[in-house]
Amino acid sequence: MQTETNDFSRGSIARNILNLALPMTAAQLINVLYSIVDRIYIGRLPHTSAEALTGIGLTLPVITIITAFANLFGMGGAPLCSIARGEHNEEKAEKVMGNSFILLLISGGVLMILCLIFKRPLLYLFGASDVSWPYADQYITIYLLGTFFVMISLGMNNFINAQGFGKTGMLTVLLGAVLNIVLDPVLIFGFDMGVRGAAVATIISQGASAFWVLKFLTGRKALLHLNLKGMRLEWKRVKEIVLLGTSGFVMSVTNGLVQIASNAMLSRYGGDLYVGIMTVINSVREIITMPVTGLTSGAQPVISYNYGAGCFQRVKASIRFMTAGCIIFTAVMWAVLFFEPRFFLHLFTSRTEMIENGVPAMRVYFCGIFMMALQFAGQSTFVALNRPKQAVFFSLLRKVIIVVPLTILLPMAGNLGTDGVFMAEPVSNVIGGAACFVTMFITVWPALKETSGQIHEKKTSA
């Protein structure tokens, strides 16, 4: 019965996507609470809130790199798993999942050791000062000890969603988020642990989520099971996973590069105050991009499954629905952020100077954010259809080729200073988003022609 329920070649396209996208969107938003709640509480520490908030912001590139490796193997394996499921090749799907799991464990161990060894030079490279370094060190040292939990909970949850269990995937992060919200004030203020308390709360929460994921994937309810046979590394599987996951990896790593460049330039032209403002802006960006990520993540299994089943008209319908939803949501959020930036700033700080300087910065940074939706839609389509080269190229184009150079050059052009740093994002959204979506439309759309899969589709929908 479960196989029939999760057969994406049947029923309404919109319903299939939303059944996954809504809980996945909720899960994405809840997942953001891990870091957002930490920053909200840290921003209210007496006497040292600004310094502590800046310190936490400096650790974001390290956390982003860890997330990148979780995406490399999790998001690289999940679409392949969905395609194999659409082909009704469960053995292949389980091998993909098992290989992804082992790769997550290996990379997690290597990352934890390397980042603990090189944390001081890394954090100073990212813009730390002698004032902010102690807070950054306290947080990241404890966070790194929970790297395995992060890799498993983030990486393997993709395989729960790939099987069509969106609500279960949501519960994975809901469990951790609720624990984090409860533990944060207790450890930060109750036990007077400060920044260390926020980090401890995070790794305990991630540990609970990781346990939940493993329990489900090895239990009876799963359609595909995590087992020892599937964990035997096969070069062919590893290569496929890495190639397809490189897109998500590059997106995360380049986000880290952008954060590094932004913090360095803001520290130079505006000091710790503007590094703190960028920390708040990054937090707001995480909140508003999560529904977009949830929608594209919900559409990916549907697109991949129908592609594997040869139902190409359903693939087209899925892409259209995903793109329209992303554009509408980001256009609405652009209006909200333009007229009410203070509301979002007040969530993280009560410091007048940070709010007054943050309002114009936020309006510049989020200008034309709806163009970012085109990047998400185009890139998600490339990943879902197992087109890693295009997906990787457009990840590199927007962040490495456009954003990072502009972040460095614009502050020097016409004495723009900190405004130049914030302007780099909207420029990249327009150029990168348009290029990615237009290329997807030109290259993918003509290839999705009528096949024998449509005959199956018409019969099953009749």
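These numbers come from a predicted model, not from an experiment. (Residues numbered from 1 in each chain as written. Predicted model: local features only at pLDDT ≥ 70, side-chain atom pairs only at ≥ 80, totals over all residues. Heavy atoms only, no water.)

J.: Tell me about the overall build of the protein chain, residues and numbers included.
T.: Helix and strand counts for the protein chain come out as 18 helices and 0 strands. Rg of the C-alpha trace for the protein chain: 22 Å, near the compact-globule value of 23 Å for 462 residues, within the 12% margin. Projected onto its principal axes, the C-alpha positions of the protein chain cover 65 × 45 × 35 Å. Classification of the 462 residues of the protein chain by burial places 60% in the buried group. Long-range contacts, defined as pairs at least 24 residues apart, comprise 83% of the intrachain contacts of the protein chain with a sequence gap of at least 6. When the accessible surface of the protein chain is totalled, it reaches about 18100 Å², and 68% of it is carbon and sulfur. Of the charged side chains in the protein chain, 34 are positive and 23 negative; the average position of the first set lies 9 Å away from that of the second. (Helix = DSSP H or I, 4+ residues; strand = E, 2+ residues; numbered from the N terminus. Rg over C-alpha atoms; globule rule 2.2 N^0.38 Å. Buried < 20%, exposed > 50% of the residue type's maximum accessible area, 1.4 Å probe, protein only. Contact = heavy atoms within 4.5 Å. Areas by Shrake-Rupley, 256 points an atom, 1.4 Å probe, with all protein chains shown as cover. Lys, Arg positive; Asp, Glu negative; His and termini not counted. Charge placed at Lys NZ, Arg CZ, Asp CG, Glu CD.)

J.: Residue-level account of empty space enclosed by the protein, with values.
T.: Scanning the entire structure with this criterion turns up 4 cavities of 30 Å³ or more. Roughly 100 Å³ of internal volume is contained in the second largest cavity. As for the second largest cavity, its lining consists of 14 residues, of which Val258, Ser262, Asn282, Tyr365 and Glu425 are closest to the centre. Residue assignment for the lining of the second largest cavity shows that the elements contributing at least two residues are helix H10 (235–269), helix H11 (272–309), helix H16 (388–409) and helix H17 (418–444). The dominant element in the lining of the second largest cavity, judged by the number of residues it contributes, is H10, at 4 residues. Residues belonging to the lining of the second largest cavity are distributed by class as follows: 6 nonpolar, 5 polar and 3 charged. (1 Å grid on protein atoms, 1.4 Å probe; cavity = no way out; pocket = protein on both sides within 12 Å on 5 of 7 lines; lining within 4 Å. Points joined across faces, edges and corners; volume = space filled by probe spheres on them. Nonpolar A, V, L, I, M, F, W, Y, C, P; charged D, E, K, R; others polar.)

J.: Talk me through the side chain of serine 380; I want residue IDs and the actual numbers.
T.: Inspection of the secondary structure puts serine 380 in helix H15 (residues 370–384). Polar contacts involving the side chain of serine 380 include one to the main-chain carbonyl oxygen of phenylalanine 376, which spans 2.8 Å. For serine 380, the contacting residues outside a window of four places in its chain are Thr296, Gln300 and Met322. (Polar contact = N/O pair within 3.5 Å; in protein donor to acceptor, adjacent residues only side chain to side chain.)

J.: So what about the side chain of serine 82? Which residues, and what values?
T.: Here serine 82 lies in helix H4 (residues 60–86). Once residues lying within four places of it in the same chain are set aside, the contact partners of serine 82 are Ala162, Pro301, Ser304 and Tyr305.

J.: Outline helix H7 (residues 147–162), supporting the account with residue identities and numerical values.
T.: An ideal rise of 1.5 Å per residue puts 22 Å on 16 residues; H7 measures up with 23 Å between its terminal C-alpha atoms. With 13 of its 16 residues buried, H7 lies for the most part within the structure. At the C-terminal side of H7, glycine 164 shows a positive phi close to 95°. (Expected span 1.5 Å × (residues − 1).)

J.: Report on the pattern of salt bridges, specifying residues and quantitative values.
T.: Considering all chains together, one arrives at 8 salt bridges under this definition. One salt bridge in this structure joins glutamate 356 and arginine 342, with 3.0 Å as the shortest N-O distance. Of this pair, glutamate 356 sits in helix H14 (residues 352–365) while arginine 342 sits in helix H13 (residues 341–348); the two residues are 14 residues apart in sequence, bridging distant segments of the chain. Connected via shared salt-bridge partners are Glu91, Lys95, Lys229, Glu234 and Arg237. (Salt bridge = Lys/Arg side-chain N within 4 Å of Asp/Glu carboxyl O.)

J.: Which residues make up a nonpolar patch on the surface, and what values do they have?
T.: Taken together, the side chains of Ile106, Val110, Ile113, Leu114, Ile117, Phe118 and Leu233 make up a nonpolar region of the molecular surface, amounting to roughly 660 Å² of accessible area. Relative to the helices and strands, isoleucine 106 is located in helix H5 (residues 90–125). Overall, the relative accessible area of 47% leaves isoleucine 106 in the partly exposed class. (Patch = residues over 30% accessible without salt bridge, like charges linked within 9 Å, V, L, I, M, F, W, Y side chains within 5 Å.)

J.: Describe the packing of aromatic side chains, and please don't skip the residues or the numbers.
T.: Enumeration according to the criterion identifies 13 aromatic pairs in this entry. Ring geometry for tyrosine 139 against tyrosine 143: centres 6.2 Å apart, planes inclined by 20°, an arrangement best described as stacked. Of this pair, tyrosine 139 and tyrosine 143 both sit in helix H6 (residues 133–145), 4 residues apart, which is roughly one turn of that helix. Taken together, the ring pairs connect Phe382, Phe393 and Phe394 into an aromatic cluster. Directly above the ring of tryptophan 133 sits arginine 120, whose terminal nitrogen or CZ lies 4.8 Å from the centroid. Between the NZ or CZ atom of arginine 363 and the centre of the ring of phenylalanine 338, over which it lies, the distance is 5.3 Å. (Phe/Tyr/Trp six-rings, centres within 6.5 Å; stacked < 30°, edge-to-face > 60°. Lys NZ or Arg CZ within 6 Å of the ring centre and 35° of its normal.)

J.: If you had to explain the nonpolar core to someone new, which residues and values would you point to?
T.: In terms of nonpolar packing, the biggest core is built from 126 residues, with Met156, Ile281, Phe366 and Phe422 touching the most fellow members. Per-element tally for this core: the top contributor is H11, with 15 residues. Contact partners of phenylalanine 422, with chain neighbours within four places excluded, come to Leu266, Tyr274, Ile277, Met278, Ile281, Ala361, Val364 and Tyr365. Grouped together as the second largest cluster of nonpolar side chains are 6 residues, Ala261, Val403, Val404 and Leu410 included. (Core = buried A, V, L, I, M, F, W, Y, C linked by side-chain atoms within 4.5 Å.)

J.: Go over the environment of glycine 256, please, and point to the residues and values.
T.: Following the sequence through the fold, glycine 256 ends up in helix H10. A relative accessible area of 3% means that glycine 256 is categorised as buried. For glycine 256 and proline 61, which are 195 residues apart along the polypeptide, the C-alpha to C-alpha distance reads 4.4 Å. Among residues more than four places away in sequence, those in contact with glycine 256 are Pro61 and Thr64.

J.: Which residues make up unusual backbone geometry, and what are the values?
T.: Backbone geometry at histidine 88 places phi at a positive 60°, although glycine is not the residue there. With respect to the helices and strands, histidine 88 occurs in the loop between H4 and H5.

J.: Can you tell me about helix H8 (residues 166–190), naming the residues and giving the values?
T.: In a regular helix each residue adds 1.5 Å, so 25 residues correspond to 36 Å; H8 covers 35 Å between its end C-alpha atoms and thus fits that length. In H8, a bend of some 35° at leucine 183 exceeds every other bend along the element, and proline 185, a proline, comes one to four places later. Gly166, Thr168, Gly169, Thr172, Val173, Gly176, Ala177, Asn180, Leu183, Asp184, Leu187 and Ile188 are the residues of H8 that are buried. (Bend = angle between axes of the 7 residues up to and from the residue.)

J.: Go over the environment of arginine 387 with me, naming the residues and quoting the values.
T.: Relative to the assigned elements, arginine 387 resides in the loop between H15 and H16. Counting along the chain gives 57 residues from arginine 387 to valine 444, while the straight-line C-alpha distance between them is 9.6 Å. Those residues within four positions of arginine 387 in sequence are excluded, and the remaining contacts are Leu244, Phe382, Thr443, Val444 and Ala447.

J.: Pulling in residues and values, what's your account of the state of the cysteines?
T.: Under the criterion given, the structure shown has 0 disulfides. Of all cysteine sulfurs, the one in cysteine 311 lies closest to cysteine 81, which takes part in no disulfide; the gap is 18 Å. Cysteine 81 gets classed as buried once you look at its relative accessible area, which sits at 1%. Residue cysteine 326 stays outside any disulfide, its sulfur separated by 12 Å from that of cysteine 436, the closest cysteine. (Disulfide = S-S within 2.5 Å.)

Distances and angles like these do not, on their own, reveal function.
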